[in-house]
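# Structural features, examined
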Amino acid sequence: NKKIIMNENGLDIISTLCRSSENELSYLACGVIANISEFQENQIRMVEEGIIHHLQYAMLPKFTSVNRESIRAFANLSAAKENIVPIANSGALTNLIEALQSPDALTRRFA
């Protein structure tokens, strides 16, 4: 399914949903993005297609669950060495460093 979603241009739809003002929808969309980003073949393509911007938006102070899933996606995406510079240049590191102080243990773990 992770490969199918990418091949069927599902990332565009899911990216939009992760920016939803409805926290549950944003949480679920960020979770799907994090799951898709576990598949190594998707990691570079996701960054090339602009997922970083959407994940940064989701990391803004919202609910812990939304933050956690967006940070988990960043953790997965950073496994591809080609993504390290784009992630660093995006400005996301500030939020990721702040996440290390989160009261939520899973958020700290993924950060």
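Now for a look at the structure at hand. Note that the structure is a prediction, hence the values are computed from the model and not measured.

Quick notes on the rules
Every chain is numbered on its own, with residues counted from 1 as its sequence reads. A pLDDT threshold of at least 70 governs which residues receive local features in this predicted model, and a stricter bar of 80 or more applies before side-chain atom pairs are shown or counted, although totals over entire chains, interfaces and linings include all residues. The side-chain values count all of the structure's non-hydrogen atoms but skip hydrogen atoms and water molecules. Think of a 1 Å grid over the protein atoms and nothing else: a 1.4 Å probe that fits but is trapped marks a cavity, an open set flanked by protein within 12 Å on at least five of seven lines marks a pocket, and residues with an atom within 4 Å of a point count as lining. Grid points are joined across faces, edges and corners, and a volume is the space filled by probe spheres set on the points. Numbering of helices and strands starts at the N terminus; helices are DSSP runs of H or I of at least 4 residues and strands are runs of E of at least 2. When residues are sorted by character, Ala, Val, Leu, Ile, Met, Phe, Trp, Tyr, Cys and Pro go into the nonpolar class, Asp, Glu, Lys and Arg into the charged class, and all the rest, Gly among them, into the polar class. Here's how the labels work: a residue is buried when its accessible area is under 20% of the maximum for its type, exposed when over 50%, partly exposed in between, all with a 1.4 Å probe on protein chains only. Directions from the helix axis toward the C-beta atoms define the arc. Only heavy atoms matter for contacts: two residues are in contact if any of them lie within 4.5 Å across the pair. Remark: nonpolar core denotes a set of buried residues (Ala, Val, Leu, Ile, Met, Phe, Trp, Tyr, Cys) joined through side-chain atoms within 4.5 Å. Pairing of aromatic rings covers Phe, Tyr and Trp, the last counted by its six-membered ring, and requires centre-to-centre distances within 6.5 Å; plane angles under 30 degrees mean stacked, over 60 mean edge-to-face, and any other angle means tilted. Over a ring means this: the NZ of a Lys or the CZ of an Arg is within 6 Å of the ring centre and within 35 degrees of the ring normal. Fitted lines through C-alpha atoms serve as axes, helices being fitted only where they are in contact, and the angles separating the N-to-C directions of these axes extend from 0 to 180 degrees. The hand of a helix crossing depends on one turn: near helix anticlockwise from the far one by less than a right angle means left-handed, and clockwise means right-handed.

## Focus on the layout of surface pockets
Computed from the structure, the largest pocket encloses a volume of approximately 190 Å³. In terms of lining, the largest pocket is formed by Met-59, Pro-61, Thr-64, Asn-67, Ile-71, Asn-95, Glu-98, Ala-99, Ser-102 and Thr-107. At the level of elements, helix H6 (64-77) and helix H8 (92-99) are the ones that each hand at least two residues to the lining of the largest pocket. When the residues that make up the lining of the largest pocket are grouped by side-chain class, the tally is four nonpolar, five polar and one charged.

## Concerning H8
Residues of H8 that are buried: Ala-92, Leu-96 and Ala-99. With its buried residues spanning 55° around the axis, H8 presents them on a single face. Of the exposed residues in H8, the ones pointing more than 90 degrees away from its buried face are Ile-97 and Glu-98. Buried residues along H8 sit in contact with helix H5 (51-59), H6, helix H7 (84-89) and helix H9 (105-110).

## Some thoughts on the nonpolar core
In this structure, Ile-33, Met-46, Ile-51, Leu-55, Phe-74 and Leu-77 are the most contacted members of the largest nonpolar core, which totals 25 residues. Looking at this core, the elements with two or more residues in it are helix H2 (10-17), helix H3 (23-36), helix H4 (40-48), H5, H6 and H8. Setting aside its immediate chain neighbours within four residues, Ile-33 contacts Leu-11, Ile-14, Ser-15, Cys-18, Met-46, Ile-51, Leu-55 and Ala-73.

## Focus: the packing of aromatic side chains
A full pass over the atoms with the stated rule returns zero aromatic pairs. The ring of Tyr-57 carries Arg-19 above its face, with NZ or CZ at 4.2 Å from the centroid.

## Observations regarding the packing of H5 against H6
Contact geometry for H5 and H6: axes closest at 8 Å, N-to-C directions at 150°. Here H5 runs over H6; the crossing is left-handed. Where H5 approaches H6, its residues Ile-51, Ile-52, Leu-55, Gln-56, Ala-58 and Met-59 are matched on the opposing element by Val-66, Asn-67, Ser-70, Ile-71, Ala-73, Phe-74 and Leu-77. Classifying every residue of the contact of H5 with H6 gives ten nonpolar, three polar and no charged.

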